[in-house]
Amino acid sequence: MTIFLFAAGLVFLIAGAEALVNGASRLAAGFGISPLVIGLTVVAFGTSSPELAVSIKAALSGQASIAVGNVVGSNIFNVLFILGLSALIGPLVVSQQLVRFDVPLMIALSFIVLVFSMDGRFSRTEGLMLVVGLAIYVCFLIFQSRQESIEVKDEYAKEFGNEGRANDNWLKNIFFILGGLFLLVLGSRWLVDGAVFFAQYMGVSELVTGLTIVAAGTSLPEVVTSVIAAIRGERDIAVGNVVGSNLFNLMGVLGVASIVAPTGIELSAAVVGFDIPVMIVVAFACLPIFFTGGVISRPEGALLLGYYVVYTLYLILAAAHHDALPRFSAAMLYFVIPLTVVTLIVVSVREMRRRKKSAPE
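Notes on the structure follow.

Calculation rules
- Residues numbered from 1 in each chain as written.
- Predicted model: local features only at pLDDT ≥ 70, side-chain atom pairs only at ≥ 80, totals over all residues.
- Heavy atoms only, no water.
- Helix = DSSP H or I, 4+ residues; strand = E, 2+ residues; numbered from the N terminus.
- Expected span 1.5 Å × (residues − 1).
- Buried < 20%, exposed > 50% of the residue type's maximum accessible area, 1.4 Å probe, protein only.
- Salt bridge = Lys/Arg side-chain N within 4 Å of Asp/Glu carboxyl O.
- Phe/Tyr/Trp six-rings, centres within 6.5 Å; stacked < 30°, edge-to-face > 60°.
- Contact = heavy atoms within 4.5 Å.
- Axes fitted to C-alpha atoms, helices over the stretch in contact; angles between N-to-C directions.
- Parallel < 35°, antiparallel > 145°, perpendicular 65-115°, else oblique.
- Left-handed = near helix turned anticlockwise from the far one by under 90°.
- Nonpolar A, V, L, I, M, F, W, Y, C, P; charged D, E, K, R; others polar.
- Patch = residues over 30% accessible without salt bridge, like charges linked within 9 Å, V, L, I, M, F, W, Y side chains within 5 Å.
- Areas by Shrake-Rupley, 256 points an atom, 1.4 Å probe, with all protein chains shown as cover.

Helix length check: helix α13 (residues 298-320), at 23 residues, gives a terminal C-alpha distance of 33 Å against a target of 33 Å (1.5 Å per residue), a fit within 8%. Those residues of α13 that sit buried are E300, G301, L304, L305, Y307, Y308, Y311, T312, L315 and L317. H321 occupies a position one or two residues after α13 and carries a positive phi of about 55°.

Here is the structure:
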């Protein structure tokens, strides 16, 4: 019965996110809200709404490890698994705005989260600061949207329909929004309860469950969005969707969960000493990969996907206290990671030299 509720909760989360995105996007377009703001706020909120619902439910229920593991695990999953898989389908286009602003912002926020975690908890004040940061980010997007080109607006108009049609169907859109929220609340309750049961049954911590099963499950909307975009050739959308979702997870999901938790969110030594630093390293890795040629190539996608497999394997070995863990950790620390870092540095230097030579004098 628990397995059924867990699976049903996951289905409800995905269906609820889809309904919320469709209803909110068309309603916003009907009221003349900028397409850029819709894409980077409403859609980012919609694809991250499962993470938000699950983290709030976990924080209110006292399962803080699931709440934190869900956010950190989702951000790692989004970059390594989703971008890796999407790049294997076809090389992904990376816009210059992502390289110059959004990815550095994601790295900075990851560091801020690490600083906040140093005392072993996320307080309500720190959560409020993250939410305020999200509000500032949205205001920046609204300001930026005023500079949108006519071509961009026309492209989004085809996606969301004209204003009159959206206004005519405003009741239908509100129904989608309310229905999506209901499914999210119900689905998050079943998913969290099922995750707690699995953690107890398998003898692993709630943190590991949140970092793996729950994180992958709540990131399915991002998986579907990015993979479909890659298949259709809309490969810039796949990258923007992941980065935007990660920003919302750090500011919105973690911030709101910290605020609603009765005494803030308590953190384990494992998440502060290992998982959050891994999230920072993954965010940092985006810069040289995104920078080289303005695309994420298939080999780079395979590298990202391979690292997610390695990260998950490490969590499993650590949870099982397997004898192979020390050798596995040593191989990663002294061979695989240094080799990857050197390779990324060499590729980045070559790219900078190429751009310098091709630049007009």
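Past the structure itself, the notes keep going.
Our focus in this paragraph is helix α3 (residues 64-89). In an α-helix, one full turn covers 3.6 residues, which means residues spaced three or four apart are oriented alike. Taking 1.5 Å per residue as the helical rise, α3 with its 26 residues ought to reach 38 Å, and the 36 Å between its terminal C-alpha atoms agrees with that figure. Where burial is concerned, most of α3 is hidden: 21 out of the 26 residues are buried.

Before going further, it helps to spend a moment on the pattern of salt bridges. Scanning all chains against the criterion turns up one salt bridge. Across the salt bridge formed by E266 and R121, the nearest N and O atoms sit 3.4 Å from each other. In this pair, E266 is assigned in strand β3 (residues 265-266) and R121 in strand β2 (residues 121-122), connecting sequence segments 145 residues apart.

To continue, consider the packing of aromatic side chains. On inspection of all chains with the given rule, the structure shows eight aromatic pairs. Each ring, one from F101 and one from Y137, has its centre 6.5 Å from the other, and the planes form 10°; the classification is stacked. Taken together, the residues span a long stretch of sequence, with F101 in helix α4 (residues 96-117) and Y137 in helix α5 (residues 124-145) at a distance of 36 residues. Accessibility expressed as a relative area gives 8% for Y137, which makes it buried.

Before going further, it helps to examine the environment of V295. When you line up the elements, V295 lands in strand β4 (residues 295-296). Overall, the relative accessible area of 30% leaves V295 in the partly exposed class. Distance from V295 to V239, taken between C-alpha atoms, is 9.8 Å for residues 56 residues apart in sequence. The contact partners of V295, leaving out residues within four places of it in the chain, are L92, V93, V94, I289, F290 and E300.

Let us look at the packing of α3 against α13. Two elements in contact, α3 and α13, have axes separated by 7 Å at closest approach and are oriented at 140°. Between α3 and α13, the angle falls in the class oblique. Of the two elements, α3 crosses α13, and the hand of that crossing is left-handed. Between α3 and α13, the contacting residues are I76, F77, V79, L80, F81, L83, G84, L85, A87, L88 and I89 on the first element and R298, G301, A302, L304, L305, Y307, Y308 and Y311 on the second. Class assignment of the residues belonging to the contact of α3 with α13 gives a composition of 16 nonpolar, two polar and one charged.

Moving on, we get to a nonpolar patch on the surface. On the surface, W170, L171, I174, L178 and L181 cluster together into a nonpolar patch covering about 470 Å² of accessible area. In this structure, L181 sits in helix α8 (residues 170-202). A residue is classified by how much of its surface remains accessible, and L181, at 36% relative accessible area, is partly exposed.

Contact geometry for α3 and helix α9 (residues 206-218): axes closest at 7 Å, N-to-C directions at 50°. Classified by the angle between their axes, α3 and α9 sit oblique to one another. In this structure, α3 crosses over α9, and the sense of that crossing is right-handed. Seen from α3, the contacting residues are S65, I66, G69, N70, V72, G73, S74 and F77; seen from α9, they are E206, L207, G210, L211, V214, A215, A216 and T218. Per-class residue counts for the contact of α3 with α9 are eight nonpolar, seven polar and one charged.

Everything listed here is a matter of coordinates, which is why it stays silent on function.
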